[in-house]
Amino acid sequence: MKTNRIPLRGADNARDLGGMVNASGQAITSGRFLRSNCLQHLGRQDIALLAGEYRVARIIDFRTATEVRDKPDVTIPGSQWIHIPLLAESTFGITHETGNDQRASLLDRLPDMPDLYRHIVTDAYSLSQLKRVFLEIACEAEGAVLWHCTEGKDRCGIVTALLLALLEVDEAAIMADYLQTNLAAKKRARSYFWKVFIFTRTLTKARKIRRMFLADPTYLQAAWTAIRQRHGSISAFMAAELGMGTDQVAALRLLAEHEPAQP
């Protein structure tokens, strides 16, 4: 499997899905589908790279309004910024609260990560937003589409996994791409572990916050299982819930412009 990290100084979990190989032995063309963590800290060189070499035409931001307000994306010239939050503000207590009392309360309400993944692929609001996401991805025929959440792991991970499944990439390769996040996330996970442990003196909470920052196979598998229990297959789910029928899938695969994989 080939995955391409985009060398951005201000976003350490940015990758190009180009080069990933599908079941027919064809590779997704580079510079078409990009995934990332948030774009608040991009510098001038980062911006020039995304606007120039990658020709980013659409940026789809999956974060809540609160997250966007707290950490707004840097503007990429020539691109359209599209806000499609995949979670309601109140879902599983995910908010950006401040102050010791609020932080303590938030730590008590940390989501169970497999539950969060199941929620995104079963909740009516999240499904309606996922449908919007795939419509936006499918209608960009010129430049690259970049999507992101805060860490580029959970919301971004699910959208990426669903897209790769539609492009007939096998599940082992999809999982391997998902777990690439940990190359960037380990340092932050360790940092938040110690911050929470010092604040709470509770190993259980510190370990839970560390798990929240890491990609784990059981998280994505929880989403796959929920989809198959309800719909039987990923393709049936995409057609029934996200409007990606045969014609739409064919158009999306055409956008990917598969090319022969390099030996």
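Computed from a prediction, not measured in an experiment: that's the story for all the values here.

## Quick word on the overall build of the protein chain
From N to C terminus, the protein chain includes 12 helices and eight strands. Taking all 263 residues of the protein chain together, the buried fraction comes to 49%. Carbon and sulfur atoms provide 52% of the accessible area of the protein chain, an area that totals close to 12,100 Å².

## A look at the packing of aromatic side chains
Tallied over the entire structure, the rule returns three aromatic pairs. Residues phenylalanine 33 and tryptophan 147 carry aromatic rings whose centres are separated by 6.2 Å and whose planes lie at 45° to one another, so their mutual orientation is tilted. Here the residue phenylalanine 33 occupies a position in strand E4 (residues 33-36), and tryptophan 147 occupies one in strand E7 (residues 144-148), the gap between them amounting to 114 residues. Exposure class is identical for phenylalanine 33 and tryptophan 147. Each is buried. Here tyrosine 117 and tyrosine 219 contribute two aromatic rings whose centre-to-centre distance is 5.7 Å and whose plane-to-plane angle is 45°, an arrangement assigned as tilted. Of the two residues, tyrosine 117 is situated in helix H4 (residues 113-120) and tyrosine 219 in helix H10 (residues 217-231); the sequence distance between them amounts to 102 residues. By relative accessible area, which is 0% here, tyrosine 117 ends up buried. For tyrosine 219, a relative accessible area of 5% corresponds to the buried category.

## Considerations on the confidence of the model for the protein chain
In low-pLDDT segments, the atomic positions of the prediction should not be examined closely. Across the protein chain, pLDDT averages 87, with 88% of residues at or above 70. Low pLDDT, under 50, characterises residues 94-105; the predicted model gives this stretch 17 contacts beyond four residues in sequence or across chains.

## Quick look at the sheet that holds E7
Taken in spatial order, the six strands of this open sheet run E1-E2-E4-E7-E5-E6, and their pairing is mixed. The open sheet has two edge strands with one neighbour each: strand E1 (4-5) and strand E6 (80-83). With five bridges connecting them, strand E5 (residues 56-61) and E7 associate as parallel partners. For arginine 58, the partnering residue across the bridge sits in E7 and is valine 145. Lying on the sheet, helix H5 (residues 124-138) is in contact with E4, E5, E6 and E7; it crosses E5 at an angle near 175°.

## Describing helix H7 (residues 171-179)
Residues spaced three or four apart along an α-helix face the same direction, because each turn holds 3.6 residues. Those residues of H7 not exposed but buried are Ala173, Ile174, Met175, Asp177 and Tyr178. If you follow the buried residues of H7, they end up packed against strand E2 (15-16), E4, H4, helix H6 (155-166) and H10. Of the residues flanking the start of H7, the one acting as N-cap is aspartate 170, its side-chain oxygen 3.0 Å from the backbone nitrogen of alanine 172.

## Points about the nonpolar core
Ranked by internal contacts, the top residues of the largest apolar core, which has 60 residues, are Phe33, Phe134, Trp147 and Leu162. The element contributing the most residues to this core is H6, with eight residues. Apart from residues lying up to four places away in sequence, leucine 162 is in contact with Leu130, Phe134, Trp224, Ile227, Ile234, Phe237, Met238 and Leu242.

Scoring rules and cut-offs
Residues numbered from 1 in each chain as written. Predicted model: local features only at pLDDT ≥ 70, side-chain atom pairs only at ≥ 80, totals over all residues. Heavy atoms only, no water. Helix = DSSP H or I, 4+ residues; strand = E, 2+ residues; numbered from the N terminus. Buried < 20%, exposed > 50% of the residue type's maximum accessible area, 1.4 Å probe, protein only. Areas by Shrake-Rupley, 256 points an atom, 1.4 Å probe, with all protein chains shown as cover. Phe/Tyr/Trp six-rings, centres within 6.5 Å; stacked < 30°, edge-to-face > 60°. pLDDT = per-residue confidence, 0-100. Contact = heavy atoms within 4.5 Å. Pairing = 2+ DSSP bridges. Axes fitted to C-alpha atoms, helices over the stretch in contact; angles between N-to-C directions. Polar contact = N/O pair within 3.5 Å; in protein donor to acceptor, adjacent residues only side chain to side chain. Core = buried A, V, L, I, M, F, W, Y, C linked by side-chain atoms within 4.5 Å.

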